[in-house]
Amino acid sequence: MELVSNYMRDDTLRHALNDLTRKTFGFDFEGWVTDGYFEGDYIPYSFVENGKVISNVSANRMCFLQNGVKRNYIQIGTVMTDEAYRKRGLAKKLIEHVTGQYADACDGIYLFANLDALGFYDKCGFLRETEYRYWVKDEFCREKIEGERFAPVNPLDVQMKQKYMDTVRNSAVNSAFEQTNKFGLQMFYTADMEDVYYARDMDCFIVAKEEGKTLLLQSIICDNRVALSDVLSRIGTDYSKCRLGFAPAPKDSYRCTARQYDGSDDYWLFYLGEQLKSIEREKLYFPELSHA
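Residues numbered from 1 in each chain as written. Predicted model: local features only at pLDDT ≥ 70, side-chain atom pairs only at ≥ 80, totals over all residues. Heavy atoms only, no water.

Caption draft 1: The pattern of salt bridges, seen in detail. Scanning the model with the defined rule gives 18 salt bridges in all. In this structure, D41 engages R61 in a salt bridge whose closest nitrogen and oxygen atoms are separated by 3.3 Å. Of the two residues, D41 sits in the loop between α2 (30-34) and β2 (42-49) while R61 sits in strand β3 (residues 52-66), which places them 20 residues apart along the sequence. Classification of D41 by relative accessible area gives partly exposed; the value is 27%. (Salt bridge = Lys/Arg side-chain N within 4 Å of Asp/Glu carboxyl O. Helix = DSSP H or I, 4+ residues; strand = E, 2+ residues; numbered from the N terminus. Buried < 20%, exposed > 50% of the residue type's maximum accessible area, 1.4 Å probe, protein only.)

Caption draft 2: Focus on unusual backbone geometry. Of note in this structure, K87 is not a glycine but carries a positive phi near 70°. Mapped onto the secondary structure, K87 falls in the loop between β4 (69-81) and α3 (90-102). Residue K87 is classed as exposed on the basis of its relative accessible area, which comes to 87%. Backbone geometry at M193 places phi at a positive 65°, although glycine is not the residue there. Following the sequence through the fold, M193 ends up in the loop between α7 (183-190) and β10 (196-199).

Caption draft 3: Expanded view of the nonpolar core. Core analysis: the biggest nonpolar cluster contains 43 residues, and Y110 and L217 have the highest contact counts within it. The greatest single-element share of this core, amounting to four residues, is contributed by strand β12 (residues 214-222). Ignoring any residue separated from it by four or fewer positions in sequence, one finds Y110 in contact with M62, F64, Y73, I74, Q75, I76, L269, F270, Y271, L276 and F286. Counting residues in hydrophobic clusters, the runner-up holds 30 residues, among them F29, M80, M165 and M187. (Core = buried A, V, L, I, M, F, W, Y, C linked by side-chain atoms within 4.5 Å. Contact = heavy atoms within 4.5 Å.)

Caption draft 4: Focus on the packing of aromatic side chains. What the rule picks out here adds up to 28 aromatic pairs. On the basis of an interplanar angle of 80° and a centroid distance of 5.6 Å, the ring pair of F27 and F29 is categorised as edge-to-face. Classification of F29 as buried rests on a relative accessible area of 4%. Taken together, a centroid distance of 6.3 Å and an interplanar angle of 90° make the contact between Y45 and Y102 edge-to-face. Residue Y45 is found in strand β2, and its partner Y102 is found in helix α3; the two are separated by 57 residues along the sequence. An aromatic cluster is present here, built from F64, Y73, Y110, F112, F177, Y261, Y267, Y285 and F286 joined pairwise through their rings. One cation-aromatic arrangement involves R128 over W268; the distance from NZ or CZ to the ring centre is 5.2 Å. Geometry around F140 places R255 over its ring, the cationic atom sitting 4.9 Å from the centre. (Phe/Tyr/Trp six-rings, centres within 6.5 Å; stacked < 30°, edge-to-face > 60°. Lys NZ or Arg CZ within 6 Å of the ring centre and 35° of its normal.)

Caption draft 5: A look at a nonpolar patch on the surface. There is a patch of nonpolar side chains on the surface, built from F25, F27, F188 and Y189 and spanning about 330 Å² of accessible area. Inspection of the secondary structure puts F25 in helix α1 (residues 11-25). Under the relative-accessibility criterion, F25 is labelled partly exposed at 36%. (Patch = residues over 30% accessible without salt bridge, like charges linked within 9 Å, V, L, I, M, F, W, Y side chains within 5 Å. Areas by Shrake-Rupley, 256 points an atom, 1.4 Å probe, with all protein chains shown as cover.)

Caption draft 6: Here's a closer look at the sheet that holds strand β8 (residues 151-152). Pairing in this open sheet of seven strands is mixed, and the strands run β8-β10-β11-β12-β13-β7-β14 from one edge to the other. Unpaired on one side and paired on the other, β8 and β14 (256-261) mark the two borders of the sheet. Direction of pairing for strand β11 (residues 204-211) relative to β12: antiparallel, over a ladder of eight bridges. For F205, the partnering residue across the bridge sits in β12 and is I221. The sheet contacts of helix α6 (residues 158-170) involve β10, β11 and β12, and relative to β11 the element is tilted by about 100°. (Pairing = 2+ DSSP bridges. Axes fitted to C-alpha atoms, helices over the stretch in contact; angles between N-to-C directions.)

Caption draft 7: Broad picture of α6. Taking 1.5 Å per residue, 13 residues should reach 18 Å; α6 reaches 19 Å between its end C-alpha atoms and fits that length. The set of residues buried in α6 consists of M160, K161, Y164, M165, T167 and V168. Mapping the buried residues of α6 onto a view down its axis gives an arc of 165°, with all of them on the same face. Exposed side of α6, more than 90 degrees from the buried face: V158, Q159 and N170 are the residues found there. Looking at the buried residues of α6, the elements they touch are α7, β10, β11 and β12. If you check the start of α6, you find a side-chain oxygen 3.3 Å away from the backbone N of Q159, and it comes from D157. (Expected span 1.5 Å × (residues − 1). Arc of directions from axis to C-beta. Polar contact = N/O pair within 3.5 Å; in protein donor to acceptor, adjacent residues only side chain to side chain.)

Here it is in structure tokens:
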């Protein structure tokens, strides 16, 4: 058994990682890498035996502007072990290796744990934390401002997709907790352009979808800072509630209500490092499109 890392450009090892990822989570990284969206911030650490990845823990370099302060965090993800090799402590060894590698090289380490793995991360020494989700107050949901409506981006429009990608790389900060190296993860979620919309008069993209009568506004991608009210007024769908997939910028916070969120029936946030205590204290929310 061998420990290997940082091999996403090695076709043989990446395919072995993809095999385990498909078996465990039902997706793989192949298109993300070959289509040019991977830029090096996702670093797998894997035990390999006879050419097969049998256990993995990945470190994701995450750069944020947190209420105006630069923070460099590590997000742990893709924690998995092949069924035939479980109960041997392999994932725990990899967690310990990764946290040892980065403990003194970042401002904190965090992960989103599946609910059936909470005890495992407790034993690994991680602490639990609560985030805050933001809902737009009803009176601000459908403000009327003259302007062009957001329209779906045609996924076959190569020029528009390129414009979106360029804007993702250079987007202004439009939240209180903005990932600044967002390109790789943003494209992991939106490369098919299915939930991407564009308003020409604002020269602005959003990522949004409907959950029943609730609009989930996941991301604002624009070269300039824009007001949340200008964005909401240009969304033409018939929604009665609006939830943000990010923490609003301070200038927009009065339009929103913050609600404690412990992951509910989805996940729990775990962390290592004093700086990450600030997430709960500052009532922040990791952008949903930054989850690895």
